[in-house]
2 protein chains.
Amino acid sequence: MKTLMEYQQNQPWIIKENSFDNNFLSKCESVFALGNGYLGVRSAFEENYIGEKRDMFVSGTFDRFDKSEVTELPNVPDFIQMEFVINGRNLDLNLGEITQYSFSLNLKTGQLIRHFIWKFADIHLEFNFRRFVSFDDLHLLGQEVTIRNLGADTSFQLKSGIDGQLTNSGSQHFAEGTKDQEKNRILQMVSTTAQSRIDFVQSTIHDFSDRSLIDKTRIEISRRQIHKLYWFHLKSNRSIKISKLSNVYTSIDRDLNQKTVEYMISVSANVLNFDVQKGFDYLLKKSALAWEEKVWRDFPIEIKSIDFTDQLALNFARYHLHIMVPKHDGRMSIAAKGLSGEGYKGHTAWDTDIFMLPYFTMTYPEIARKLLTYRYLGLSGAHKKAALNHYQGAQYPWESAWPSNGEVAPVWGAADIVTGKPTKIWSGFIEQHISSDVAFGVKQYIDATSDLRFAKFEGYEMIFDTAKFWVSRLEYNAVKDRYEINNVVGPDEYKEHVNNNAFTNYSAAWNISTAIKVYEKIKQQDSKSFDRLNKKLGLDKTYRQWKEKLPKLYLPKANKDKILPQDDSYLSKKFWI
Amino acid sequence: MKTLMEYQQNQPWIIKENSFDNNFLSKCESVFALGNGYLGVRSAFEENYIGEKRDMFVSGTFDRFDKSEVTELPNVPDFIQMEFVINGRNLDLNLGEITQYSFSLNLKTGQLIRHFIWKFADIHLEFNFRRFVSFDDLHLLGQEVTIRNLGADTSFQLKSGIDGQLTNSGSQHFAEGTKDQEKNRILQMVSTTAQSRIDFVQSTIHDFSDRSLIDKTRIEISRRQIHKLYWFHLKSNRSIKISKLSNVYTSIDRDLNQKTVEYMISVSANVLNFDVQKGFDYLLKKSALAWEEKVWRDFPIEIKSIDFTDQLALNFARYHLHIMVPKHDGRMSIAAKGLSGEGYKGHTAWDTDIFMLPYFTMTYPEIARKLLTYRYLGLSGAHKKAALNHYQGAQYPWESAWPSNGEVAPVWGAADIVTGKPTKIWSGFIEQHISSDVAFGVKQYIDATSDLRFAKFEGYEMIFDTAKFWVSRLEYNAVKDRYEINNVVGPDEYKEHVNNNAFTNYSAAWNISTAIKVYEKIKQQDSKSFDRLNKKLGLDKTYRQWKEKLPKLYLPKANKDKILPQDDSYLSKKFWI
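A quick note: this is a predicted structure, and the numbers were derived from the prediction, not measured.

With that out of the way, let us pick up the environment of E431 of chain B. All names here are of chain B. Positionally, E431 belongs in the loop between α8 (427-430) and α9 (434-449). It is 9.3 Å that separates the C-alpha atoms of E431 and H497, two residues lying 66 residues apart in sequence. Excluding residues that lie within four positions of it along the chain, E431 makes contacts with W398, W426, V489, G490, P491 and E493. In this structure the side chain of E431 is engaged in a polar contact, spanning 2.9 Å, whose partner is the side chain of H433.

Below you can see the structure in the form of structure tokens.
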């Protein structure tokens, strides 16, 4: 894939795009995404382009558009857009001559910067955009633009506000509420998710380095939109700095004392009034300091390598892990695409437990703990799914959203390239290793942290309950006198309906044997916990099943070529040439 | 307002735009709109632009997004879009050099033509787009593009299909149904309005002058979208002609034998298979012939004027009247903006009865008859509204959609420019002259056509029922011993809550006096009709009220300066300087 990125030896915290190409909007929108685990925003530009995808999400605010769709994170009304019209022309990087272009993200401070000089007809302006999602105040988004006039005296127009006409690729999750302006400066919009009935209050305020450059203003309220229009004059060689501070509150926020819309409207406006007095620079500095104190200072990770991009890649990965993890609320978890796009609809899958959780377990155990709380709260959904499939215990959903909802994987996916027919997504039905993946994350966290309080009250229960599922799932093969796990999808999702997938069988065996060990240990060492869990889960009975079936659970072995077959049929598949 | 239009002396049927300006997209989209009364499509371009508004509507298919919104015509999944990528560049008229640009609509044939030569970097192509909405087959939309390579050998890509990600300015009315391709050539999409549960089946097929220029194809199904991708090579000086034929069927269509989705899918595909064999030119010719036979031939209207644009303006007005009138179905009427945009949400207001109906009454009475059937079916909605307001008879809704729904005017409108607060729309509550406007249209039609069957079974009843409303609406002023109509909005909607609006009072008096005359006439001449209507409406009793109150209904008179005041307070208003 073509890239316009540039990385520099002495800048392990900077990713930068050096020239603009309308074809690569999506890439930078997600690679440069901003967030703080509560709020996530794709880094779409202020001005509009064909092919852009504006998305802003708030963790956990799932909504279902229609019975025919699954629940997803709704695309929240947009703050980012700012329309600049100069001499009747919209700012457009495709037109005229662009020099000194750079678009960069500082992974250490979370600051996004875009700079360029635009020359087109009689327009000659220098733009410098800055943006951050606060790591200090979860609700806050800051934007700033400095415009310097390198040409003759000019005038221009800015239209900026809150735009609720956006959708999730066509699905609209919000019913329109009130739109208003408080004391002539703060614009506010209230909207409510149509099915899950979550209220959103959003506010935005504009501030200027020099108000005398404003000739007039006007407010414009249209369908799902509230905007303020400003007309400026700008003499040659003069510049103006415009800041836009915005915040979002929702009725499921844990940090709100009350969840009434009236209360949120007042909090949102009051906080913004304080913020605008502090100013963009101060708020950005507070956010950068929060990154330093909460993330980088205590657990620096350095790679010694001859390739300096190794360190950059690590910083990049850590940055994204921290902008996507909802560490503020145990009812939420990391989405498969984080908060950077609509893919996988904001749902949590095995990636979280197997690939991302270990990083937090080893470095920020209090964050790992929150992710495990999410799985503990998810037991109710896992019980639902097991019962639906006539199994016992906890069968975790392949995709999960609100923890008690159970399975939310969609049933139908994109078209098959050959037949043009939509393909059925089998993962939600038969990709079952997720239950041992959850247990693995739990066990690793307990081993690494010795967090006994968690183990006793949440962790052991998840290990037992998933093992209980597995033992009910096993199928007895009388001919071979062994237990098998047939008709599954393993981690290789291109092979559907396979028998005895190695990863699935081995991880199930691990799950059951871990449960046996924990059972025996706590029965001996912690009878109080044991009694409680035994009563709750019927451990004695399920323990006998574990002991009886585990030795006969079929674990495929490597063949004479030392190849462990992925599943029963894998080695007999035809070659594709 | 700036215009890029050109009109020519000898072309009273052609409106033409001579150069492209991204700022004027909306204007041409609606001025050049295509339609046939069933289907209406804004003339957005094939390629996308910032600021465009793609809209396609099917008459009568009203849906309400949410309890907080009013019912509206949903924006139907789009056929128009065709994405051209040449040497990695999307076709974009803002880039490079455009010559020989013209965008024109032939008002006589309904053919839309766009022509230009695009030179940009190593691209040098001539495009000729043609488009029509068939006046012969209500469901059919035809598009064609001829691309001629004026530069070196090149290759390009086309992505075209059906796009259901569009909304009504953010409100999504459709639940996504199936997307499929039939026999590898026809793309189909099924969707259903979320609240009113109307099924839409849409199909599209592509055809080519020379299939050997296609290197490969692929189908792409994504959320609410089905597209086909084609890769072409095009030698220097060669050209290719691509046609795209599309159709729409809905489950409220009167011309369908069955309304099951399966039946519609099959009809839609079968018709399209026939159509593609006939080809774009033949179908366009059939449509132009239908315009000639159904509209122009029998009622030519010529203006003798020294200004040739008078004739052009008349042709333009007639063209639009005929593309917006749903003459195929009496359950529908003309929307305030026709089918050319989202304004007024596709609702019918007094404009139809007072300004548009007379044209049809005088020239195409069978169409006028359908519009009056709509008002007759609307009596149930008018009764609802009267009852809600504690009046009697038929109080017609200020805005109406599906006839039995009653009032559908929104309660809140755009922001007040001074206060920034949303303004309350009072028309739905107190703009009451609509009831006499309806009666006026009825009476004019009867007088012009002598359609006695209509008069007896529908027309007289509407005149009586509206007069019955008015007499229950009158307020007695004991001091002045007269009847008044207070607290209304007249046709000047900038004056709300006025008393004795002249238009309202005079038209109410006309309505009552007309009812009296009709009552007396049919009582004498057609006792059968009289008895039926007397029984149904209690005419004898209401007749006594008409006779008693009409002489005392206050009709403001001209003052000594010969000015008839618009309302009681009008002449005492302060001057605005």
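Now that the structure has been shown, the text picks up again.
Further remarks concern the layout of surface pockets. Here the second largest pocket defines a volume of roughly 530 Å³. Every residue lining the second largest pocket is counted, 23 residues in all, and those nearest its centre are F65, A194 and Q195 of chain A together with F65 and D66 of chain B. Top element by residues in the lining of the second largest pocket is strand β13 (residues 174-182) of chain A. It accounts for three residues. Residues of the lining of the second largest pocket, tallied by class, amount to five nonpolar, eight polar and 10 charged.

Right, let's talk about the interface of chain B and chain A for a bit. Taken residue by residue, the interface counts 42 residues in chain B and 42 residues in chain A. For the pairing of chain B and chain A, the buried interface totals around 3,200 Å² over both sides, and the portion due to carbon and sulfur atoms is 46%. Interface area lost by chain B to chain A is led by I50, I221 and R223 of chain B, which between them contribute 19%. If you look at where chain B meets chain A, you find six salt bridges. If you look at where chain B meets chain A, you find 14 residue pairs in polar contact (both at pLDDT 80 or more). Residue assignment for the side of chain B that touches chain A shows that the elements contributing at least two residues are β7 (89-90), β13 (174-182), β16 (214-222) and β19 (412-415) of chain B. Take the side of chain B that touches chain A: its biggest share by element is six residues, from β13 of chain B. Of the residues in the side of chain B that touches chain A, the class split is 12 nonpolar, 16 polar and 14 charged.

Turning next to the pattern of salt bridges. In the structure shown here, the tally under the stated rule is 70 salt bridges over all chains. Across the salt bridge formed by E72 of chain A and R223 of chain B, the nearest N and O atoms sit 2.5 Å from each other. Taken together, the residues E72 of chain A in the loop between β5 (56-58) and β6 (82-86) and R223 of chain B in the loop between β16 and β17 (225-234) connect one chain to another. Of the two residues, E72 of chain A and R223 of chain B, neither departs from the other in class, the shared state being buried. For K179 of chain B, the salt bridge is made with E176 of chain B, and the minimal N-O distance between the two is 2.5 Å. Residue E176 of chain B is classed as partly exposed on the basis of its relative accessible area, which comes to 21%. The network of salt bridges with common partners includes E46, E47, R114 and R131 of chain A.

About the criteria used
- Residues numbered from 1 in each chain as written.
- Chains lettered and ligands numbered in written order.
- Predicted model: local features only at pLDDT ≥ 70, side-chain atom pairs only at ≥ 80, totals over all residues.
- Heavy atoms only, no water.
- Helix = DSSP H or I, 4+ residues; strand = E, 2+ residues; numbered from the N terminus.
- Contact = heavy atoms within 4.5 Å.
- Polar contact = N/O pair within 3.5 Å; in protein donor to acceptor, adjacent residues only side chain to side chain.
- 1 Å grid on protein atoms, 1.4 Å probe; cavity = no way out; pocket = protein on both sides within 12 Å on 5 of 7 lines; lining within 4 Å.
- Points joined across faces, edges and corners; volume = space filled by probe spheres on them.
- Nonpolar A, V, L, I, M, F, W, Y, C, P; charged D, E, K, R; others polar.
- Buried area = accessible area lost by both parts, 1.4 Å probe.
- Salt bridge = Lys/Arg side-chain N within 4 Å of Asp/Glu carboxyl O.
- Buried < 20%, exposed > 50% of the residue type's maximum accessible area, 1.4 Å probe, protein only.

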